[in-house]
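# Fold and geometry: a report
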Amino acid sequence: MKKFFSSYETFVLIAILLLGAIITSINPNFLTLENILDLLKSYSFIGILAIGVLFVLISGGIDISFTATATVAMYAMAVIVNNYGGNMVTAFLIASVIGIVLGMVNAIIIYYFKIHSIITTIATLNIYYGLLTVFSGGKWIYSMPTWFREFAQLRVFTLANENGGQYGLSIITLIWILLLVLAWFILKYTVIGRGIYALGGNPVSTERVGFSVLRLQLFVYSFMGWLAGIAGVVLTLLVQSVAPNSIVGKELDVLAAVVLGGASLTGGVGTLWGTILGVILIATMNNGMTLMRIPAFWYDFFIGLIIIISVSASAYQNRKKKKKMIAIEIE
Amino acid sequence: MRLKLSNTMILIIALVGIILLMGSVTGASFFKASNIQTMAFQMPELGILSLAMMVTMLTAGINLSIIASANLTGIVIALTLTYFLGPDMSTESSVWIVLLAIAAGLLVSVVVGLLNGFLVAYMEVSPILATLGTMILLKGVSIVLTKGYVISGFPPLIRFIGNGKLLGVPFPIILFFLCAGLMAIVLIRTPLGVSIYMLGSNETACHFSGIDNRKVLMKTYLISSILAGIAAVIMMSRFNSAKADYGESYLLMTVLAAVMGGTSAAGGFGKVGDLVIALVILQVVSNGLNLMRVNNFLTIAIWGIILIVVMIANYLNNQYQQNRRTV
């Protein structure tokens, strides 16, 4: 119980509850099941990407090329299913394969040439995105097949509001939840998951214990790529069109959500629970600003402020912890 | 035969090779005086921003907020100008207003630098996160100040800074060499410079040799921010406008230029002279691609590929040097 109250995640949870209470007191529409289910649907895209970013951060790296990966995956998927037909399975399969391959490219460059992951992924972001825009001519894809549109309408359960409108738990949110369960299982109960934490904590010891750093990095970056591919399909399901320039540039928003959830850039630290809270905090803020009628141009300002406060707070906590440890050694 | 090439030599050889290549591909238009002058006008913005990036990389940090900080500086200068400048103002009083506006802008840069420095040095936030946060925050402030619109139309004096010539030499390139020269002197000849390199190679050793790491970091981020502010003046002058999201693609280019110039992302290594040569190489390539009418997005992809190739070459060169030493 004491651990629960002193953990970083609890602070985020309290922040969300406070923010939620303020928003609800101004606009009661916030705390309705319909609004919350709607938020969970529209934030599945960022939520799925955040899982991948969490894995990369825990392993001690950073990846900002995933928006380009997602764009390439969804564009290729849309072109193929529009021209050759297919179904939901092939759509996800195409995007997954592309995502995994592009992620592996990152891992190979990072491992074999020992290039810092931020420099590698800045470079590959530009390569993937630049080449896609050249080959696609920057054209948007507006129409998706009928079965693709119908799939996006599916719900796990359906409710009706007093005006007769229908809402419910979307299948898109279900995809996010399933991926969360999978990621939780990998991190908690598999050797690879524990290896990722070890790699972020201390790469040299990880290798001495017998993990292959190459395999771990290949897994982490291709997992990120795979999730980026799936997120690309999910975004296409949400908006039913594909624009080559719609998400590149948003990579730092996702990174911000994960960092707000307590993951550290030095590796070895971070939980799925925290990441979920980070995404929810950003969703609540964004939605709350709309419901409270605050002009959208304040958005970046508040997000930036929250990031600075939260990273300072966690850095401050770390420093205090370090000081305590030194004191014990002296005694 | 013993082959020992310094980084500077490799860069000069690459530069000569690329000039010859671009010259032969694009023909005589490349060597025209007007084309060379175009390059001299284009290089300084990126050049000064790269200096701003490099100085933080020397301490094993990074400054993601330089572009956002430059845009905010530009916007503050632009707002001050449009606030004070009447339509029928004498040239003499407008000079004072321009100077006042630039001072206001640079003051903003100083505040940004202090904020970054405080977060990195005193709060011990990792530089990527700290500057990521300030980057989003500063962009937010810029958007709030301008509501997302462009501010344009400045007096001739401002336009001179980015487009004018002094004794036939483009004024911005003079500014760039001033900044680069000053940086080189600070890095090589002053205690601050030596501490910056030491802090980058070994933080703990630096601390135990009696240097106040925090003060050094604080000054580093201050220098970085002021350089971004100077770049801002050139940028707003060349665009003749200021906006919250100008030049965002420069961020990759500054990292690329610094890394190509031999600055290590792990800190401790990198020379201003090498950075300048790397910048000239980038400018020649970009100009050549432009003359060949290569698609802009293909150019972006090519930058990415060059960045990776340069990093791989650096890595292989290091391996080679190390192997020789062990033999």
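For the structure itself, look to the data block above.
In this report, we go over the structure that sits alongside the text.

Basis of the calculations
Per chain, residues are indexed from 1 in the order of the written sequence. Key to labels: chains lettered from A, ligands numbered from 1, both in the order written. Owing to the predicted nature of the model, reporting of local features is limited to residues with pLDDT of at least 70; listing and counting of side-chain atom pairs is limited to 80 or more, with chain, interface and lining totals taken over all residues. Labels follow the DSSP assignment, with helices taken as runs of H or I lasting at least four residues and strands as runs of E lasting at least two, numbered in each case from the N terminus. For this measure, only C-alpha atoms enter the radius of gyration; the expected value for a globule follows 2.2 Å times N^0.38, where N is the number of residues. Burial in this document is a count-based property: other C-beta atoms within 10 Å of a residue's C-beta are tallied, and the residue is buried at 20 or more, exposed at 12 or fewer, or partly exposed in between, with C-beta positions derived from the backbone. Contact between two residues is assigned when their C-beta atoms, built from the backbone, lie within 7 Å. Working convention: axes come from line fits to C-alpha atoms, limited for helices to the stretch in contact. Angles between N-to-C directions cover 0 to 180 degrees. Comment on the angle field: the value is read as roughly parallel under 35 degrees, roughly antiparallel over 145, roughly perpendicular from 65 to 115, and oblique elsewhere. Crossings are classed by handedness, with left-handed meaning an anticlockwise turn of the near helix from the far one by less than a right angle and right-handed meaning a clockwise turn. Under the scheme applied, nonpolar residues are Ala, Val, Leu, Ile, Met, Phe, Trp, Tyr, Cys and Pro; charged residues are Asp, Glu, Lys and Arg; polar residues are all the others, including Gly. Here the expected length of a helix is defined as 1.5 Å per residue gap, with one fewer gap than residues.

The subject of this paragraph is the overall build of chain B. When helices and strands are counted, chain B shows 13 helices and four strands. Over its C-alpha atoms chain B spans a radius of gyration of 21 Å, differing by no more than 12% from the 20 Å that the globule rule assigns to 327 residues. With respect to the principal axes defined by its C-alpha atoms, chain B has extents near 75 × 55 × 35 Å. The buried share among the 327 residues of chain B stands at 44%. The contacts of chain B with a sequence gap of at least 6 include a subset with a gap of at least 24, amounting to 79%.

This brings us to the interface of chain A and chain B. Taken residue by residue, the interface counts 34 residues in chain A and 37 residues in chain B. Looking at the side of chain A that touches chain B, the elements with two or more residues in it are helix 6 (88-113), helix 7 (117-136), helix 13 (251-260) and helix 15 (299-330) of chain A. Of all the elements, helix 15 of chain A adds the most residues to the side of chain A that touches chain B, at 12 residues.

Attention now goes to the environment of Tyr 221 of chain A. Residues and elements named next belong to chain A. Considering the arrangement of structural elements, one finds Tyr 221 in helix 12 (residues 213-239). What makes Tyr 221 buried here is the crowd of 33 C-beta atoms within 10 Å. Once you skip the residues sitting within four places of it in the chain, Tyr 221 turns out to touch Val 56, Asp 63, Gly 103, Met 104, Asn 106 and Ala 107.

Moving on, we come to the packing of helix 3 (residues 66-84) of chain B against helix 5 (residues 127-146) of chain B. Residue and element names in this part refer to chain B. Running from N to C, helix 3 and helix 5 point in directions that differ by 25°, and their axes come no closer than 8 Å. The angle between helix 3 and helix 5 falls in the class roughly parallel. As helix 3 runs across helix 5, the sense of the crossing is left-handed. Mapping the contact onto sequence places Ala 68, Ser 69, Asn 71, Leu 72, Ile 75 and Leu 79 in helix 3 and Met 135, Leu 138, Lys 139, Val 141, Ser 142, Leu 145 and Thr 146 in helix 5. Of the residues that constitute the contact of helix 3 with helix 5, the class distribution is eight nonpolar, four polar and one charged.

Let's shift gears to helix 5 of chain B. All names here are of chain B. Here helix 5 spans 28 Å end to end across 20 residues, near enough to the 28 Å set by a 1.5 Å rise per residue. Buried residues dominate helix 5, accounting for 16 of its 20 residues. After helix 5 finishes, the residue Lys 147 shows a positive phi value of roughly 55°.

Right, let's get into unusual backbone geometry. At Arg 293 of chain A, a residue that is not glycine, the phi angle is positive and equals roughly 55°. Relative to the elements of secondary structure, Arg 293 of chain A occurs in the loop between helix 14 (272-291) and helix 15. A positive phi angle, close to 70°, is found at Ala 60 of chain B, a residue other than glycine. Counting through the fold element by element, Ala 60 of chain B comes out in the loop between helix 2 (33-58) and helix 3.

Quick look at the packing of helix 4 (residues 44-58) of chain A against helix 12 of chain A now. All names here are of chain A. At a minimum axis distance of 8 Å, the contact between helix 4 and helix 12 shows a crossing angle of 175°. Between helix 4 and helix 12, the angle falls in the class roughly antiparallel. Here helix 4 contributes Ser 44, Phe 45, Ile 48, Leu 49, Ile 51, Gly 52, Val 53, Phe 55 and Val 56 to the contact with helix 12, which in turn contributes Val 220, Tyr 221, Phe 223, Met 224, Leu 227, Ala 228, Ile 230, Ala 231, Val 234, Leu 235 and Leu 238. Residue composition of the contact of helix 4 with helix 12, grouped by class: 18 nonpolar, two polar and no charged.

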